[in-house]
Each structure stands twice: as C-alpha cells, then as structure tokens.
Amino acid sequence: MKEISLNILDIAENSVKAKASLTEIYVDELGDKLTLTIKDDGCGMDEQTVKSVIDPFYTTRKTRKVGLGIPLLKLACEQTGGKMSITSQIGVGTTVTAVFFKNHIDFTPLGDVTSSIVTLIQGHPETDFLFRHTTENGCVELDTREVRTVLEDVPLDTYEVICWIRDNLGEQYEAIN
Amino acid sequence: MKSLAELQAIKNRMKDKVVLREGSGDVRVVVGMATCGIAAGARPVLNAFVEEVNNGGLAGKVTVSQTGCVGLCQYEPIVEVYEAGKEKVTYVKMTPEKAKTVVEKHLRHGEVVTEFTPAEA
C-alpha cells in the first residue's frame, strides 16, 4: 500500500463485512508516533480466528485463498519499528491498533485520509463511521450519525452529501495545517 | 466552513429527488474495492466514476457501487458495467483517466471501450 490511508480503507471494509453498525477510525499523532485505531461493533472473532487473520493464507473469502489486508497493515507498521494488535470478542466487536514511527525511513505517508473516509461512506451509506484525526495542531472529526440526523431520509451516498463531507473534512484539515 | 446549515439545505433540495432515484439504476458500474483493488489504485478510479457520472448528468441512469475481490487480482483496478439485457462488460487495469473515457464513450454513448477490456489490455 502506498499510503496508510489505503490500509485504513481496506481494514475498515472488514468491519463493514463483519456487519458493524458503527466503525470508529482514529488517527492519533503525537510527536514521532502515529497510532491508528479501527474499532467496530461487528460480529467479532474468537481467539483462534484472531490469531489466524495475521496469516496471509487465512481469508473468509471464497474466490481465492489469500487475505492480505491485515498482513499488509502489520508489515507497514512493523517496518517503522511499530506494532499491530487485534482484540476481539464475539458479539461485541473488533479493535485493530497499529503504531507507526513517522521518522523511520520506511514510514509510509498517511496520504489522503479524506478520500478513504469518503469512499467508505459512499460504499456503505447504511452504516455509520466516526472518524477523528488528532494532531498537535488540533483535530479533524466527522460523525456520520450527526450527518444522518440532519439528512433524515436522504441517503449518505447522495452525491451532494459526499461532496459536502469531502469539503468539510478538507476545510478542517486546512484549519489545522 | 461547510456547515450543518449547508447540509440542511442539501437535504431540503434532495427530498424531492429521492423519489426519482428509485427509478434509476438502468446501468450499474461496480468497482472492485478489496485489498488487491485498493492497492492497485481503485480508490481514485471509483472517485473518478462518482464525479464524472454526477457532474456529467448521468446520475439518473447510472449508479456507481463497490464490490470485493473479483478474483483477477493481477488485472486490478477492475470495473464491471452491468446493463439490463446486455452482457456484462469488464474493464481492467483502470485509471481515473480511463474512467473518464468509459463514462463518455460507454455510459453516455453506449460504445464499449474494447481497448480497456481483458482481451486487449
């Protein structure tokens, strides 16, 4: 993956597939450390399954026998000296945490997170996402539950809404950069 | 700032259109968004389709959606076009630029862009 934002998009898709009603995505930047947390209230996994998702040859997919999402995230953070962990409980949900060190030469840039969030919402307008990116300069946040309250029955994947979300995040980023 | 008031205005404008949307979907554009697709560049391809279809006034007949792995990872980003009564068209190794061409030629004028299909690409 060329950007961590692409890992975010990829891993959050797992949450949606696990039938999460809310997927929380946190990026916390403090000094040299970047912590990514993706937390969902989906179906969760038992201990055995949690262990096996780190194996590239484990997947729930039937089309082929490789699942690279989690291994790629693990590689991306470990190559910066960081660490990935997964905690999960059946019926409660799953939390994936990855710690990156930004000054390491092998650190992949975070990239266009806004685009990943917009893509997630466009693809899954019926589920909710909470996104919060905290830096030392401030915080960028979007909660689709709030957007949904205003929109009532207008779907979240309406093009004008998608554009509003993209511009809203863009403006929040401008304010802290 | 893109305020909630602005969102409210969008909602008010869209309310009347919601009924219209239900009749749409003659043509379905599906972008592969599994790990393989994402790594190969599917995100900008998807966004290009969403933008071009909406800005080009095709939203009434075309819906753009996402799917998982199509099973041809080496050809990602893959885009499939489904049209009622017609055979599915698969475009491979897509880019945002190719997406624009597909929107103009295929979605607007009904001409399949064979150079982006697997036999040619």
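Residues numbered from 1 in each chain as written. Chains lettered and ligands numbered in written order. Predicted model: local features only at pLDDT ≥ 70, side-chain atom pairs only at ≥ 80, totals over all residues. Heavy atoms only, no water.

### A short note on the packing of helix H4 (residues 42-55) of chain B against helix H5 (residues 96-109) of chain B
All names here are of chain B. Running from amino to carboxyl end, H4 crosses H5 at an angle of 35 degrees, the nearest separation of the two axes being 8 Å. Both H4 and H5 take part in a crossing whose hand is right-handed. Residues Pro-44, Val-45, Ala-48, Phe-49, Glu-52 and Val-53 of H4 form the contact with H5, whose participating residues are Pro-96, Ala-99, Lys-100, Val-102, Val-103 and Leu-107. For the contact of H4 with H5, a count of residues per class yields 10 nonpolar, no polar and 2 charged. (Axes fitted to C-alpha atoms, helices over the stretch in contact; angles between N-to-C directions. Helix = DSSP H or I, 4+ residues; strand = E, 2+ residues; numbered from the N terminus. Left-handed = near helix turned anticlockwise from the far one by under 90°. Contact = heavy atoms within 4.5 Å. Nonpolar A, V, L, I, M, F, W, Y, C, P; charged D, E, K, R; others polar.)

### Comments concerning the interface of chain B and chain A
How large an interface is tends to be reported as the accessible area lost when its parts come together. Residue-level contacts link 31 residues of chain B with 37 residues of chain A. Interface area for chain B against chain A, summed over the two sides, is near 3,100 Å², with a carbon-plus-sulfur share of 62%. When the buried surface of chain B facing chain A is broken down by residue, Lys2(B), Leu7(B) and Arg43(B) rank first, second and third, together holding 23% of it. At the junction of chain B with chain A, the criterion picks out 3 salt bridges. For the salt bridge of Lys11(B) with Glu152(A), the shortest nitrogen-to-oxygen distance reads 3.2 Å. Where chain B touches chain A, the interface holds 14 residue pairs in polar contact (both at pLDDT 80 or more). Contributing elements (two or more residues each) for the side of chain B that touches chain A: helix H1 (4-15), helix H2 (18-22), helix H3 (35-40), H4 and strand E2 (62-67) of chain B. (Buried area = accessible area lost by both parts, 1.4 Å probe. Salt bridge = Lys/Arg side-chain N within 4 Å of Asp/Glu carboxyl O. Polar contact = N/O pair within 3.5 Å; in protein donor to acceptor, adjacent residues only side chain to side chain.)

### Concerning the sheet that holds strand E4 (residues 89-91) of chain B
Residue and element names in this part refer to chain B. The sheet built from 4 strands is open, its strands ordered E2-E1-E3-E4 with mixed pairing. Bordering the open sheet on either side are E2 and E4, each of which pairs with just one other strand. Strand-to-strand twist of the sheet, defined as the mean angle between neighbouring strand axes without regard to direction, takes the value 20 degrees. Taken together, the 6 bridges between strand E1 (residues 27-32) and E2 define a ladder with parallel strand orientation. Directly across from Val-27, in E2, lies its bridge partner Val-62. (Pairing = 2+ DSSP bridges.)

### What to know about the pattern of salt bridges
As a working rule, side chains carrying opposite charge can pair if their charged atoms are close by. Tallied over the full model, the rule gives 13 salt bridges over all chains. Between Arg108(B) and Glu104(B) there is a salt bridge, and its shortest N-O distance comes to 3.1 Å. Of this pair, Arg108(B) and Glu104(B) both sit in helix H5, 4 residues apart, roughly one helical turn. Each of Arg166(A), Asp167(A) and Glu51(B) takes part in a single network of salt bridges with overlapping partners.

### Overview of the packing of aromatic side chains
Residues and elements named next belong to chain B. Overall, the coordinates contain 2 aromatic pairs over all chains when judged by the stated rule. Taken together, a centroid distance of 6.5 Å and an interplanar angle of 70 degrees make the contact between Tyr-91 and Phe-116 edge-to-face. Taken together, the residues span a long stretch of sequence, with Tyr-91 in strand E4 and Phe-116 in the segment after H5 at a distance of 25 residues. Assigned by exposure class, Tyr-91 and Phe-116 land together as buried. Positioned over the ring face of Tyr-82 is Arg-28, at 4.8 Å from the centre of the ring. (Phe/Tyr/Trp six-rings, centres within 6.5 Å; stacked < 30°, edge-to-face > 60°. Buried < 20%, exposed > 50% of the residue type's maximum accessible area, 1.4 Å probe, protein only. Lys NZ or Arg CZ within 6 Å of the ring centre and 35° of its normal.)

### Brief notes about the packing of helix H1 (residues 4-17) of chain A against helix H4 (residues 113-123) of chain A
Residue and element names in this part refer to chain A. The geometry of H1 relative to H4 is characterised by a closest axis approach of 8 Å and an angle of 20 degrees between their N-to-C directions. On the basis of the axis angle, H1 is roughly parallel to H4. The interaxial crossing formed by H1 with H4 has right-handed handedness. Contacts from Ser-5, Leu-6, Ile-8, Leu-9, Ala-12 and Glu-13 in H1 reach Val-113, Ser-116, Thr-119 and Leu-120 in H4. When the residues that make up the contact of H1 with H4 are grouped by side-chain class, the tally is 6 nonpolar, 3 polar and 1 charged. (Parallel < 35°, antiparallel > 145°, perpendicular 65-115°, else oblique.)

### Quick notes on the pairing of strand E2 (residues 33-40) of chain A
Residue and element names in this part refer to chain A. In terms of residue burial, E2 counts as a mostly covered element, since 6 of its 8 residues are buried. Relative to E2, strand E1 (residues 22-30) is paired through 8 bridges, and the arrangement is antiparallel. Bridging across to E2, Glu-29 finds its partner in Leu-34. From the end of E1 to the start of E2, which pair antiparallel, there are 2 residues, and Gly-31 there has a positive phi angle of about 60 degrees. Relative to strand E4 (residues 93-101), E2 runs antiparallel, the two being bridged by 8 bridges. Residue pairing in the sheet places Ile-38 in a bridge with Val-96 of E4.

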